[in-house]
Amino acid sequence: MSDSAPAAPAGPLVIDIWCELQCPDCRTALDDVRALRARYGDRVDLRLRHFPLEKHQHAFAAAQAAEEAFEQGQGWPYVEAVLGKVEELTRKGEPFLVEAARELGLDAEEFDTALVDGRHMLIVDADQAEGKAIGVTGTPTYVIGDERLDGGKSQEGLRERIEEIADRLLADSGQDSRNT
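**Some points on the pattern of salt bridges**
Okay, step 1: Overall, the coordinates contain 21 salt bridges when judged by the stated rule.
Okay, step 2: A salt bridge links Glu 68 to Arg 119, with the nearest nitrogen and oxygen atoms 3.7 Å apart. Placement of the pair is Glu 68 in helix α2 (residues 59–71) and Arg 119 in the loop between α6 (108–117) and α7 (121–134), with a sequence separation of 51 residues.
Okay, step 3: The residue Glu 88 makes a salt bridge to Lys 92 at a minimum N-O spacing of 2.9 Å. With a gap of four residues between them, Glu 88 and Lys 92 both fall in helix α4 (residues 86–92), about one helical turn apart.
Okay, step 4: Look at Glu 88 and you get buried, because its relative accessible area is 17%.
Okay, step 5: Connected through shared salt-bridge partners, Asp 16, Arg 47, Arg 49, Asp 127 and Glu 130 make up one network.

As structure tokens, then:
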């Protein structure tokens, strides 16, 4: 795009969160996700991106279940519910994913069917492939602007770094970075 082209209308700043729903570090990162959501509101779009790790037996099914939850309009509440009970997911597997959906008032039968028919597999596969292509190796990993921040190695100071980048990018786009 040339410098003389009109700027596209400013939408929310996108922060991709590469996550795995059987990952204890991702559960810890939920506090950062909540804080970012509270600070920026609708000026930032926090997008869940799936990166199931082979070491976690139920991670791929959990990613598919999360996609079904997003389809039913309760994606983030479902993600938080599952991450909040990582040990239970490890112990119970797919029945826990359906149980978590039922507890949130979602269509649990549809969850069960989605896990059997694999309707969300392509989304999960595409996220994982994109993650590998950009250098994601563990979870949680955040991508904001053109920067990748690996929370799987250390979450120390990570939220502050994300906020610094978000504030700068929002200021550059003409959006006020402070919560109003």
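**Some words on the packing of helix α3 (residues 75–83) against helix α5 (residues 94–103)**
Okay, step 1: The geometry of α3 relative to α5 is characterised by a closest axis approach of 10 Å and an angle of 130° between their N-to-C directions. Compared by their axis directions, α3 and α5 come out oblique. The chirality of how α3 crosses α5 is right-handed. Judged by residue contacts, Tyr 78, Ala 81 and Val 82 of α3 engage Phe 96, Leu 97, Ala 100 and Ala 101 from α5.
Okay, step 2: Here the residues of the contact of α3 with α5 sort into seven nonpolar, no polar and no charged.

**A look at the pairing of strand β2 (residues 44–50)**
On any regular strand, side chains alternate: one points to one face of the sheet, the next to the other face.
Okay, step 1: Of all seven residues that make up β2, five are buried, and the element is covered over most of its length.
Okay, step 2: The sheet contact formed by strand β1 (residues 13–19) and β2 spans seven bridges and is parallel. In the strand pairing of β2, Ile 15 is matched with Leu 46.
Okay, step 3: This β-α-β element, β1 to helix α1 (residues 24–40) to β2, shows right-handed connectivity.

**Focus: the nonpolar core**
Okay, step 1: Tyr 78, Leu 97 and Tyr 142 are the most contacted members of the largest nonpolar core, which has 44 residues in total.
Okay, step 2: For this core, the element with the highest residue contribution is α1, accounting for six residues.
Okay, step 3: When residues no more than four places from it in sequence are discounted, the contact partners of Leu 97 are Ala 61, Ala 62, Ala 65, Tyr 78, Val 82, Leu 89, Phe 111 and Leu 115.
Okay, step 4: Counting five residues, the second-largest nonpolar core is a separate cluster that includes Trp 18, Leu 53, Val 136 and Val 143.

**Remarks on the sheet that holds strand β3 (residues 141–144)**
Okay, step 1: Sheet architecture is open: four strands sit in the order β2-β1-β3-β4, paired in mixed fashion. Two strands lie at the open edges of the sheet, namely β2 and β4 (147–150), each paired on one side alone. Pairwise comparison of adjacent strand axes, ignoring direction, gives a mean angle of 20° for this sheet.
Okay, step 2: Alignment of β1 against β3, held across four bridges, turns out to be antiparallel. Note on β3: the bridge partner recorded for Ile 17 is Tyr 142.

**Some details on the packing of aromatic side chains**
Okay, step 1: Enumeration over the complete set of coordinates arrives at two aromatic pairs.
Okay, step 2: Between Phe 70 and Trp 76, the aromatic rings sit 6.2 Å apart at their centres with planes inclined by 85°, giving edge-to-face as the arrangement.
Okay, step 3: The partly exposed category is assigned to Phe 70, whose relative accessible area is 31%.
Okay, step 4: Between Tyr 78 and Phe 111 the ring centres are 5.1 Å apart and the planes differ by 40°, which places this aromatic pair in the tilted class. Of the two residues, Tyr 78 is situated in helix α3 and Phe 111 in helix α6; the sequence distance between them amounts to 33 residues.
Okay, step 5: Over the aromatic face of Trp 76 sits the side chain of Arg 37, whose NZ or CZ is 5.1 Å from the ring centroid.

**Details of α1**
Okay, step 1: Given a rise of 1.5 Å per residue, 17 residues ought to cover 24 Å, and the 25 Å separating the end C-alpha atoms of α1 matches this to within 8%.
Okay, step 2: A maximum bend of about 30° is found in α1 at Leu 30.
Okay, step 3: Every buried residue of α1 is listed here: Cys 26, Ala 29, Leu 30, Asp 32, Val 33, Leu 36 and Tyr 40.
Okay, step 4: Where α1 is buried, its residues touch β1, β2, α3, β3 and α8 (158–172).
Okay, step 5: Residue Gly 41 follows α1 closely and has a positive phi angle near 55°.

Cut-offs and rules
- Residue numbering note: each chain is counted from 1, following its sequence as written.
- Given that the model is predicted, a residue must reach a pLDDT of at least 70 before its local features are reported, and side-chain atom pairs must reach 80 or more before they are shown or counted; all residues, however, enter totals for whole chains, interfaces and linings.
- Excluded from the side-chain calculations are hydrogens and water; all other atoms, namely the structure's heavy atoms, are used.
- Note on definitions: salt bridges are taken to be side-chain nitrogens of Lys or Arg within 4 Å of carboxyl oxygens of Asp or Glu.
- Helix numbering and strand numbering both begin at the N terminus, where a helix is a DSSP run of H or I of at least 4 residues and a strand a DSSP run of E of at least 2.
- Categorising residues by exposure relies on relative accessible area from a 1.4 Å probe, with only protein chains included: less than 20% of the type maximum marks a residue as buried, more than 50% marks it as exposed, and the intermediate range marks it as partly exposed.
- Orientation is described by lines fitted to C-alpha atoms, with helices fitted over the stretch in contact, and by angles between N-to-C directions that extend from 0 to 180 degrees.
- Angles below 35 degrees are treated as roughly parallel, those above 145 as roughly antiparallel, those between 65 and 115 as roughly perpendicular, and all remaining angles as oblique.
- In this scheme the crossing of two helices becomes right-handed for a clockwise turn of the near helix relative to the far one and left-handed for an anticlockwise turn of less than a right angle.
- By definition in these notes, contact holds between two residues if any of their heavy atoms fall within 4.5 Å.
- Classes in brief: Ala, Val, Leu, Ile, Met, Phe, Trp, Tyr, Cys and Pro nonpolar; Asp, Glu, Lys and Arg charged; the others, Gly included, polar.
- The rule for pairing is simple: two strands pair if DSSP sees at least two bridges between them.
- If the strands point away from the viewer and the path from the first strand over the helix to the second runs clockwise, then the crossover is right-handed.
- For this analysis, a nonpolar core means a set of buried residues of the types Ala, Val, Leu, Ile, Met, Phe, Trp, Tyr and Cys, connected via side-chain atoms within 4.5 Å.
- Only Phe, Tyr and Trp rings take part, Trp by its six-membered ring, and two of them pair if their centres are within 6.5 Å. Stacked means planes under 30 degrees apart, edge-to-face means over 60, and tilted covers everything else.
- Note on geometry: a ring has a charge over it if NZ (lysine) or CZ (arginine) is within 6 Å of the ring centre and within 35 degrees of the ring normal.
- Expected span of a helix, by definition, is 1.5 Å for each gap between consecutive residues, and there is one gap fewer than residues.
- Bend angle per residue: angle between axes fitted to the 7 residues ending at that residue and the 7 residues starting there.

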